[in-house]
Amino acid sequence: MEAPTGVVTLVFVEGPAGLDPRAGLAAAGGFEVKSSPGACMAAFAEAGAAVRFALGAQLQAAPAGVRVGIATGEAIVERDTATGRADYFGPTVNRAARIMNAAHPGQTLLSETARAAAGDIATVRDLGEHRLRGIERPERLHLALPPEWSAREFPPLRTLRTVPTNLPPQSSTFVGRDKELVDLASLLESPGARFVTVTGGAGVGKTRLAVREAAARVDRTAGGVWFADLAEERGADGIARVVAEAMGHSGVGTDAVAATGAAIEARGPVLIVLDTFDLHLAHAAATAGAWAARAPQARFLFTSRVPIGLPGERELRIEPLPDNDAIRLFADRAREARPDFELGLENAGDVARICSELDGLPLAIELAAARVRIMRPAEMVKKLGQKFQLLRSARKDTTARQMTLAAAIEWSEEQLAPWERSALRQLSVFRGGCCAEAADAVVDLAAHPGAPAGSAAARALVTRGLLVAREGEFGTRFAMSRTLLDYASSRLPAEGPEGRGAVEERHTAWVVKFAAYLESPAALGDARDFARPEIENVFAVQDRLQGRKGSERTVAEVVASIRSSFLRRGPLQEGADRFAKAREAFGSAQTDADIQIAMKLALGHLRILRAMGKWKEALVIAEESVRLGRLRPPAGLLTDSLWELAYTAGSFSDYQRSDAALAEAEQIARDTNNTIRLVSCLFLKTARIRGLGDAAGALVVAEEALELARQRPERADAFAEALNGVANALSETSDPVGSIRLFREAMAIDERLGNESGMAMRLGNLGDALCDVGEFPAALEAYDKAAAIDRRLGRQTYVMYGLIRRSAAVRALGDPAGALALLEQARPQLDRTGSGQLHVIWVHHRLQALLSLGLAAAVAGEYEEALRLSRADEDAVKAAGAVSLGVRALLRLGRAAEARTVFTREFPAGVPLKLSSTDRFMLFATQALVYEATGATDEARASALEAAELARQLLRSHGPRNAVLAEFLQDVTRLRG
């Protein structure tokens, strides 16, 4: 029979090895999943049929009977690839197996759902709720018996309720933390581990994780697992009394610590869970330390914001939930609050936003999910600014400090010394964290005698579990969760040195100082992105001062200082908005200093706009920036502005203006010994020469740029750009394999620098080089990775360009229709940019796709326009391609004479020698086909021989899978004779 699917009833049977429990299985409507001597697992579509089969198996095995566990629910069905057999996986399988393990011979145990689904059963007993190993929620079990056995009695079930424990019952499921559970189990089982501490901030789920792991150990710990909540206790005696009461001992007398130690010792192997022990660190040695010395079989599991400090302690620090687990937790708790809640397309974005804004804190997420009873996730998103009023609980199984998010954080804050509390509140002025120098500059604890400096205070808060300290490229950085930040910020007093106004003033002063550093030779001469960690702090200053009269210059200076960082890592739309606001507020430049600020703002703005595909706007700003630079020119900024004008004007095929701007920028860079900008000028010059069809000349210029970049080893970004230029030139000469190696070398530099935009550019170029050697699947993978980065950064122009590039690989893999669809997908963004340069590339790929589809008439009708566009863009390579495509289309239509006329008109002196080997091979092959079609046999053979010689070179350098070789090689071989 077929394996049942959906909601099924699973049966586990175990008896003596000589018994065959499968007898009668098929007749009862059961599907055999797997079996072994004396045991089997079966699946039924009907719960009643499963019970009847089980009771029959009991009678067959009389008088002792067999052990049977039955559970009903949804299960995952998969087929073994080797045997084809169906198998079942999921919680229902685990539950049925655990229920059978709890049974004694002769008992048929049913889960609550199975009992409800089975209908009438002759003899059934409700055995109450039982805790099963590995299953968090208690399960109500029922005993089904054959009528003949109705008077039988059995020992207590083999469930966790027979083992002593007082662990608090958990009324909700446990979500996520798979790795943490494995790590915690490993720590508890490691040799000599007497003390294990789960640490983390408020609301992160320390207690829940500890209880979850402790519950899994109840049936393996003979002396029991005991839970002691120490949140309300004080002193060693108070701790001891709570632990003693947890184990069922009251009236421990005057020496509570000693009496509790004796009780622990008497129980042998025991696990004591000591919750919120960070309130009692001073008493750790006198309590848990002394008890461990007296009771060698005892283990202690602590929850605390910080390590306890006992010798041999193992720590497991847990962080907020990752995105996927946070969303799963929200959905699970929302279904508990409202059973008809479903996570779908209409609310998934809102749920993700809620979880992100709540920093993945389980407590906060659970409190938020409970609100779906009265509001939709979209409504919650609007109220996240009032999260402390929004997130309140009505659950009866939570402690007072877990009833609201504010209470959980307030409870943690109350444990701080006054100076620690003040430092926490002052540090909330930072966005995105702060470095030690910034903490020292902003935090003022002069009113607290003996208090440390700001950075030392931040480190103290790290040990309290309220801040995190991360070591990075630029040293230690302190940060707090957004939830804690919002709370601490709301507690800043209004007045005084520790008040909001004074703290914000010191914060602004620090950001202004940092912005000045970013413009210093030390920062400008380094490839590292110093600005990235402080961008959020720059935004905080801009938001605070934007629109405040007299603050326009301060805002302009700090925003201008981060102009390079956005281009590397985005998000570009936010960057564009920030720069637009700052430029509008700053107004017209009057002094030399104002001109420099205005130019820096303009450069940052136009680069972001260009990357977003808003090239027309970028060109206007580039022209304005050059105009400002000519008024009182700081040479470096004028060179940057001219370079941007050259790049953007060239994109619109305005090469008269582009070439003039580039030549001027190059000359200024040489005159002022500006090596880095000269490398960029030569990079752009390389691309221009390549477009003119001089691949060898482009390589010479690219190699000059690379040699210059080697002279500035501290500017790895310039070296990566120069590598990219050489690699592009190599891919069009005779060494695409070498270009692939250089692209990957440049990508490694980008990755080290965190230059995501550079990485995306290199990945796109790598894809082109991989296409050159016929590695089309690998090329598609590179294009996909580039597109993912471009979409994340908001680089819409490059997303569109990626579609055009991708079409070439798709076409080469035999799907010209798919290639044409990609090009149509790119067209709207292409039209928005207005770029003649990109339009030429798009048209060229479109003609190739049309010809591959056999639409020669369409190509014959459109190639002249493609040729005109190529000439307007001064792109000799694309012009040659358009001629080849048009001529081949005419030949396929039988218009050989016209094809010969076109080819001769465009190349009266023969195939240009400066073109790359690939392009020359294409043109000689096309010429050979034209001569053949017009009866010029000798000329056809001569052209084919020229093409064959180039083909031999290309086969060595590009390989036989190169698309151009694949297109023409057969005809060339035939025509050369």
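Relevant structure appears above.
Since we're looking at a predicted model, the values are computed, not measured.

A tally of helices and strands in the protein yields 43 helices and 17 strands. Structurally, the protein occupies a C-alpha span of about 110 × 85 × 50 Å along its principal axes. Counting only residues that meet the buried cut, the protein has 56% of its 977 residues in that class. Taken together, the 119 basic and 123 acidic charged side chains of the protein have centroids lying 2 Å from each other.

This part covers the sheet that holds strand β13 (residues 298-304). Sheet architecture is open: five strands sit in the order β11-β12-β13-β10-β14, paired in parallel fashion. Both edges of this open sheet fall to β11 (225-229) and β14 (314-317), since each of them pairs with a single strand only. Ignoring strand direction, the axes of neighbouring strands in this sheet form an average angle of 20°. In the packing of helix α6 (residues 235-246) onto the sheet, contacts are made with β11 and β12 (270-275), and the angle to β11 comes to roughly 140°.

For the structure shown, the criterion picks out two cavities of 30 Å³ or more. Considered as a void within the structure, the largest cavity measures approximately 40 Å³ in volume. Around the largest cavity sit Val840, Val843, His844, Ala866, Leu869, Ser870, Lys878 and Ala882, which together line it. Counting residues per element, the ones that place at least two in the lining of the largest cavity are α37 (836-852), α38 (856-872) and α39 (876-892). The residue makeup of the lining of the largest cavity, split by class, is five nonpolar, two polar and one charged. Roughly 30 Å³ of internal volume is contained in the second largest cavity. If you trace the second largest cavity, you find it lined by Arg690, Gly693, Asp694, Ala695, Glu732, Val877, Ser916 and Asp919. A per-class count over the lining of the second largest cavity returns two nonpolar, two polar and four charged.

With that settled, consider the packing of aromatic side chains. Any pair of aromatic rings gets described here by the distance separating the centres and the angle formed by the planes. A complete count under the given rule lists 14 aromatic pairs for this structure. Ring centres 6.5 Å apart and planes at 40° place the aromatic pair Phe514 and Tyr517 in the tilted group. Placement of both Phe514 and Tyr517 in helix α19 (residues 500-518) is noted, with a separation of three residues, approximately one turn of the helix. On the basis of relative accessible area, Tyr517 is assigned to the partly exposed category, the value being 33%. Pairwise contacts between aromatic rings join Phe195, Phe277, Trp291, Phe300 and Phe302 into one cluster.

Bringing the state of the cysteines into the picture now. All told, the structure shown has zero disulfides when counted by the stated rule. With no disulfide of its own, Cys435 lies 6.5 Å from the sulfur of Cys434, the closest cysteine sulfur.

The three strands are arranged β15-β17-β16 in an open sheet whose pairing can be described as antiparallel. Each edge of the open sheet carries a strand with a single partner, namely β15 (434-435) and β16 (468-472). Where β15 and strand β17 (residues 475-479) come together, two bridges link them in antiparallel fashion. The residue bridging Cys434 from the neighbouring strand is Phe478, located in β17.

In this section: the pattern of salt bridges. Proximity of charged atoms lets side chains of opposite charge pair with each other. In total, this model carries 70 salt bridges according to the counting rule given. As a salt-bridge pair, Glu574 and Arg578 come within 3.9 Å of each other at their nearest N and O atoms. Linking Glu574 with Arg578, this pair stays in helix α24 (residues 572-586), spanning four residues, or about one helical turn. Residue Glu574 is classed as partly exposed on the basis of its relative accessible area, which comes to 29%. Given the relative accessible area of 13%, Arg578 is considered buried. A salt bridge links Glu932 to Arg974; its shortest N-O distance comes to 2.5 Å.

Quick look at α39 now. Its 17 residues place the ends of α39 24 Å apart at the C-alpha level, agreeing with the 24 Å of an ideal helix rising 1.5 Å per residue. Burial analysis of α39 places 15 of its 17 residues in the buried class, which makes it a mostly covered element. A distance of 3.1 Å separates the backbone nitrogen of Val877 from a side-chain oxygen at the start of α39, and that oxygen is part of Asp875. Note on α39: the residue one or two positions beyond its end, Gly894, has a positive phi of about 80°.

Next up on the list: the layout of surface pockets. Considering only enclosed or pocket space, the second largest pocket measures out at about 1,300 Å³ in volume. In terms of lining, the second largest pocket is formed by 47 residues, of which the most central are Gly432, Gly433, Phe478, Ala479 and Met480. Looking at the lining of the second largest pocket, the elements that each hand over two or more residues are β15, β16, β17, α18 (482-490) and α19. Sorting elements by how many residues they give to the lining of the second largest pocket places β17 first, with five residues. Grouping the constituent residues of the lining of the second largest pocket by class yields 24 nonpolar, ten polar and 13 charged.

Counting through the fold element by element, Ser884 comes out in helix α39. With relative accessibility at 0%, the residue Ser884 sits in the buried group. If we skip the residues at most four places from it in the chain, Ser884 touches Met922, Leu923, Thr926 and Phe968.

To continue, consider the pairing of strand β4 (residues 67-74). Taking burial as the measure, the eight residues of β4 include seven buried ones, the bulk of the element. Sheet topology places strand β1 (residues 7-14) next to β4; eight bridges connect them, and they run antiparallel. When the bridges of β4 are listed, Leu10 appears paired with Ala71. Here β4 pairs with strand β7 (residues 108-110) via three bridges, running parallel. Bridging from a neighbouring strand, Gly69 pairs with Leu109 of β7.

Running from N to C, helix α28 (residues 655-671) and helix α29 (residues 675-691) point in directions that differ by 150°, and their axes come no closer than 9 Å. Relative to α29, α28 is oriented roughly antiparallel. At the point where α28 passes α29, the crossing takes the left-handed sense. Packed against α28, whose contacting residues are Tyr655, Asp659, Leu662, Ala665, Glu666, Ala669 and Arg670, the element α29 presents Arg677, Leu678, Cys681, Leu682, Leu684, Lys685 and Arg688 at the interface. Residues belonging to the contact of α28 with α29 are distributed by class as follows: eight nonpolar, no polar and six charged.

Each α-helix turn comprises 3.6 residues. Residues three or four places apart therefore point the same way. Considered for burial, the residues of helix α17 (residues 454-463) that qualify are Gly454, Ser455, Ala457, Ala458, Ala460 and Leu461. Check the buried side of α17 and you find it contacts α15 (418-427), α16 (436-442) and β17. Just past α17, the residue Gly465 takes up positive phi, approximately 80°.

In summary, soluble globular proteins display a tendency toward joint burial of nonpolar side chains. If you look at the biggest cluster of nonpolar residues, it comprises 109 residues, and the most contacted ones within it are Leu847, Val887, Phe921 and Leu923. Top element by residues in this core is α39. It accounts for ten residues. Aside from chain neighbours lying at most four places away, what touches Phe921 is Ala947, Leu950, Ala951, Leu954, Val964, Leu965, Phe968, Leu969 and Val972. Membership of the second largest hydrophobic core comes to 82 residues, among which are Trp510, Phe586, Leu609 and Ala622.

The rules behind each value
Residues numbered from 1 in each chain as written. Predicted model: local features only at pLDDT ≥ 70, side-chain atom pairs only at ≥ 80, totals over all residues. Heavy atoms only, no water. Helix = DSSP H or I, 4+ residues; strand = E, 2+ residues; numbered from the N terminus. Buried < 20%, exposed > 50% of the residue type's maximum accessible area, 1.4 Å probe, protein only. Lys, Arg positive; Asp, Glu negative; His and termini not counted. Charge placed at Lys NZ, Arg CZ, Asp CG, Glu CD. Pairing = 2+ DSSP bridges. Axes fitted to C-alpha atoms, helices over the stretch in contact; angles between N-to-C directions. Contact = heavy atoms within 4.5 Å. 1 Å grid on protein atoms, 1.4 Å probe; cavity = no way out; pocket = protein on both sides within 12 Å on 5 of 7 lines; lining within 4 Å. Points joined across faces, edges and corners; volume = space filled by probe spheres on them. Nonpolar A, V, L, I, M, F, W, Y, C, P; charged D, E, K, R; others polar. Phe/Tyr/Trp six-rings, centres within 6.5 Å; stacked < 30°, edge-to-face > 60°. Disulfide = S-S within 2.5 Å. Salt bridge = Lys/Arg side-chain N within 4 Å of Asp/Glu carboxyl O. Expected span 1.5 Å × (residues − 1). Polar contact = N/O pair within 3.5 Å; in protein donor to acceptor, adjacent residues only side chain to side chain. Parallel < 35°, antiparallel > 145°, perpendicular 65-115°, else oblique. Left-handed = near helix turned anticlockwise from the far one by under 90°. Core = buried A, V, L, I, M, F, W, Y, C linked by side-chain atoms within 4.5 Å.

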